[in-house]
Amino acid sequence: MNLEQATILSLLGKLQEKIEYDSNDMDDIYEVEVYKVCMDTYSGKRLYLAQTNSRVMNWKDAKTYEWQFNPNGAMEFDSEQEATDFAKQYFKNFNKWYIYKTTSYR
């Protein structure tokens, strides 16, 4: 199948992706506790702080950040102290943020 055929099938919703997993690859995935910087909207929905610039490979190198509803794209910190230190340094006049503890897979 060439790219043109795959594109047409994809647009028609008929492209079936075949994913094969090696059982050895699954051993490398593990669950870790992570911390995310969050805030709540007026309606009570949680927003997560994220770095969405595709040109920046690591969020630590980014200059700007934005709030998003998707927790998967949020920045993940290894410790609560690291997340708190970052938030205190980044937010000079905003204090409605909090640290949310969750799990992630790596």
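Everything below is about the structure printed above this text.
Criteria and thresholds
Residues numbered from 1 in each chain as written. Predicted model: local features only at pLDDT ≥ 70, side-chain atom pairs only at ≥ 80, totals over all residues. Heavy atoms only, no water. Helix = DSSP H or I, 4+ residues; strand = E, 2+ residues; numbered from the N terminus. Buried < 20%, exposed > 50% of the residue type's maximum accessible area, 1.4 Å probe, protein only. Polar contact = N/O pair within 3.5 Å; in protein donor to acceptor, adjacent residues only side chain to side chain. Contact = heavy atoms within 4.5 Å. Pairing = 2+ DSSP bridges. Axes fitted to C-alpha atoms, helices over the stretch in contact; angles between N-to-C directions. Core = buried A, V, L, I, M, F, W, Y, C linked by side-chain atoms within 4.5 Å. Salt bridge = Lys/Arg side-chain N within 4 Å of Asp/Glu carboxyl O.

## Things to note about the side chain of S104
Argument step 1. Mapped onto the secondary structure, S104 falls in strand β4 (residues 98–105).
Argument step 2. Taking the relative accessible area as the measure of exposure, S104 reaches 9% and is therefore buried.
Argument step 3. Looking at S104, its side chain comes within polar contact range of the side chain of E76, at 3.0 Å.
Argument step 4. What S104 contacts, discounting residues up to four positions off in sequence, is Y30, E31, V32, V34 and E76.

## Side note on the sheet that holds strand β1 (residues 31–40)
Strands pair in a sheet through their backbones, by hydrogen bonds, and they do so in one of two ways: parallel or antiparallel.
Argument step 1. The antiparallel open sheet is built from 4 strands, whose spatial order is β3-β2-β1-β4. Of all strands in the sheet, those bounded by a partner on one side alone are β3 (66–68) and β4. For this sheet, the mean angle separating the axes of adjacent strands, direction not counted, is 50°.
Argument step 2. Sheet analysis places β1 next to β4, joined by 8 bridges and oriented antiparallel. Bridge pairing in β4 places V34 opposite T102.

## Concerning the pairing of β1
Argument step 1. The element β1 is extensively covered by neighbouring structure, given that 7 of its 10 residues are classed as buried.
Argument step 2. Direction of pairing for β1 relative to strand β2 (residues 46–50): antiparallel, over a ladder of 3 bridges. Considered in β2, the bridge of D40 is made with R46.
Argument step 3. Hairpin connection of β1 to β2: 5 residues between the antiparallel strands, including G44 at a positive phi of 95°.

## Quick word on the side chain of Q51
Argument step 1. Here Q51 is to be found in the loop between β2 and β3.
Argument step 2. Of the polar contacts made by the side chain of Q51, one reaches the backbone nitrogen of N53; its length is 2.6 Å.
Argument step 3. In contact with Q51, not counting residues within four places along its chain, are V56, W59, A62, T64, Y65 and M75.

## Quick look at the nonpolar core
The nonpolar side chains of a soluble globular protein tend to be buried with one another.
Argument step 1. Within the largest apolar cluster, 15 residues are counted, with the highest numbers of intra-cluster contacts made by V37, L49, Y65, M75, F77 and F86.
Argument step 2. Looking at this core, the elements with two or more residues in it are β1 and α3 (80–90).
Argument step 3. With 3 residues, α3 is the single largest residue contributor to this core.
Argument step 4. The residues contacting Y65, other than those within four sequence positions of it, are L49, A50, Q51, W59, M75, F86 and Y90.

## Observations regarding the pattern of salt bridges
Argument step 1. Applying the stated criterion to the full structure yields 2 salt bridges.
Argument step 2. A salt bridge links K101 to E33; the shortest N-O distance between them is 3.3 Å. One end of the pair, K101, is in strand β4; the other, E33, is in strand β1, with 68 residues separating them in the sequence.
Argument step 3. Here K36 makes a salt bridge to E76, at a shortest N to O gap of 3.9 Å.

Purely geometric numbers; function is a separate question.
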